[in-house]
Amino acid sequence: MAYETYTGVVAREVDTGEADRYLTLLTVERGKLDCFAKGIRKQNSKLASQSGLMTYGEYQLFQKADRYILTSARALESFHDIRADVVKCAYAAHILEITRDVVAEAQAFPEALQALLNSLHVLCYRDLAPEFVTRVFEIRILSLAGFAPVLDRCTICGTPVQARDSLGAGFSVHGEGLVCGGPCRGQASGRVAPISRGAVRAMRYVAECGAGEIFGFSVSKAVSGELANIVPEYLQYQLGKEYKKPGEAERYKAFERDMIKVMENGRAYGRRGGQ
Ligand SMILES: [Zn+2]
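Calculation criteria
Residues numbered from 1 in each chain as written. Predicted model: local features only at pLDDT ≥ 70, side-chain atom pairs only at ≥ 80, totals over all residues. Buried ≥ 20, exposed ≤ 12 C-beta atoms within 10 Å, placed from the backbone. Helix = DSSP H or I, 4+ residues; strand = E, 2+ residues; numbered from the N terminus. Pairing = 2+ DSSP bridges. Axes fitted to C-alpha atoms, helices over the stretch in contact; angles between N-to-C directions. Parallel < 35°, antiparallel > 145°, perpendicular 65-115°, else oblique. Contact = placed C-beta atoms within 7 Å. Domains from an automatic or database assignment. Nonpolar A, V, L, I, M, F, W, Y, C, P; charged D, E, K, R; others polar.

Thoughts on the pairing of strand S2 (residues 20-27)
Each regular strand shows side chains that alternate between the opposite faces of the sheet.
And then number 1: Taken across its 8 residues, S2 has 6 buried, putting it largely inside the fold.
And then number 2: Pairing geometry for strand S1 (residues 2-16) and S2, over 8 bridges, is antiparallel. Across the sheet, residue Val9 finds its bridge partner in S2, namely Leu26.
And then number 3: Connecting the antiparallel pair S1 and S2 is a turn made up of 3 residues, with Gly17 showing a positive phi of about 60 degrees.
And then number 4: Strand direction decides the pairing type here: S2 and strand S3 (residues 31-37), joined by 7 bridges, are antiparallel. Residue Leu26 lies in a different strand from S3, and its bridge partner there is Lys32.
And then number 5: Counted along the chain from S2 to the antiparallel partner S3, the turn is 3 residues long.

A short note on the packing of helix H3 (residues 110-125) against helix H4 (residues 130-144)
And then number 1: Two elements in contact, H3 and H4, have axes whose closest approach is 10 Å; the angle formed by their N-to-C orientations is 175 degrees. What the angle tells us is that H3 and H4 run roughly antiparallel. Counted together, Glu111, Ala112, Ala115, Ser119, Val122 and Leu123 of H3 and Pro130, Val133, Phe137, Arg140, Ile141 and Leu144 of H4 form the full contact between these two elements.

Focus on unusual backbone geometry
And then number 1: With a phi angle near 55 degrees, Ala65 is a residue other than glycine that sits in the positive phi range.
And then number 2: Locating Ala65 in the fold gives a position in the loop between strand S4 (56-64) and strand S5 (67-77).
And then number 3: Even without being glycine, Ala106 reaches a positive phi, approximately 50 degrees.
And then number 4: Along the chain, Ala106 falls in the loop between helix H2 (86-102) and H3.

Re the domain arrangement of the chain
And then number 1: Examined at the domain level, the chain breaks down into domain 1 (2-78) and domain 2 (82-250).
And then number 2: A separation of 30 Å is found between the C-alpha centroids of domain 1 and domain 2.
And then number 3: With 14 residues of domain 1 in contact, the opposing surface of domain 2 contributes 17 residues.
And then number 4: Counting residues per element, the side of domain 1 that touches domain 2 draws most heavily on S1, at 4 residues.
And then number 5: Grouping the constituent residues of the side of domain 1 that touches domain 2 by class yields 7 nonpolar, 3 polar and 4 charged.

Some words on the environment of Glu77
And then number 1: Within the fold, Glu77 resides in strand S5.
And then number 2: C-beta crowding within 10 Å serves as the criterion here: with 14 such atoms nearby, Glu77 is assigned to the partly exposed category.
And then number 3: Put simply, Glu77 and Thr55 are 22 residues apart on the chain and 5.9 Å apart in space, counted from C-alpha to C-alpha.

Let's talk about the sheet that holds strand S7 (residues 177-179)
And then number 1: With respect to topology, 3 strands assemble into an open sheet ordered S7-S6-S8, the strand pairing being antiparallel. Both outer strands of the open sheet, S7 and strand S8 (192-194), are each paired with one neighbouring strand and no more. Recorded for the sheet is a direction-independent mean angle of 40 degrees between the axes of neighbouring strands.
And then number 2: Bridge analysis of strand S6 (residues 170-172) against S7 gives 3 bridges, and the strand direction is antiparallel. Residue pairing across strands places Phe171 opposite Leu178, the latter belonging to S7.

A short note on the packing of H2 against H4
And then number 1: It is at 10 Å that the axes of H2 and H4 come closest, and there the two elements cross at 5 degrees. Considering the angle they form, H2 stands roughly parallel to H4. Contacts between H2 and H4 pair Val87, Lys88, Tyr91, His94, Ile95, Ile98, Thr99 and Val102 from the former with Pro130, Val133, Thr134, Phe137, Glu138 and Ile141 from the latter.
And then number 2: Its residues assigned to classes, the contact of H2 with H4 shows 9 nonpolar, 3 polar and 2 charged.

Below, the structure written as structure tokens:
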């Protein structure tokens, strides 16, 4: 029997019983922990306001055998502005899902948690495209988890690739990174995507920079497009899982904007028609 306090992020909620919920916490101290939050869905629950999905906080857990029970919670950052935006929410959910998959049960992985928090913070408070934030996060988490792509040489023949940039080097999304032009390109299994020197530089920066610096750079629209063409597929291949595209929410929002416009135009037309 013991009480312990953990610092971390609520990464999943699963309702159970009449008013209870299981929470998956990603903690600094012990990696992924599932805990039981009794009565959290009752109207006057003190826990509810402090431990919503995505909230970073301090969580006191009571351990009984191999089970954790949430006894108190104190939110340090709830990322309110992400919750209020359907597109940001979709990207944040995607980022959370990947972190959940990469962080193991009861095994500290503070670097992964820091990448998660940096990304949620930027998504919430900085004016960067959610898709770009997500690509940066994906490259970083892959590197931390040991899946950093090879970006300085051809993964097939070993020749340094930077210098050969213009000779048709590409990125093997089902391989481990760069392939030089010529015969190596043909030997790569799966799709080989075109990649520019700028995209290579951006990926290397994110993979190798200091922990708090992953967003300390910017890229052109073209490079951002290249990353979108490469990174999600590389990530799915490396982690062996198909992730839902958070971009769906973006399309939904665009559709919603169009509908509002149509309705407003309709009203304006109606007013004119009535005069
Ligand atoms: Zn080669």
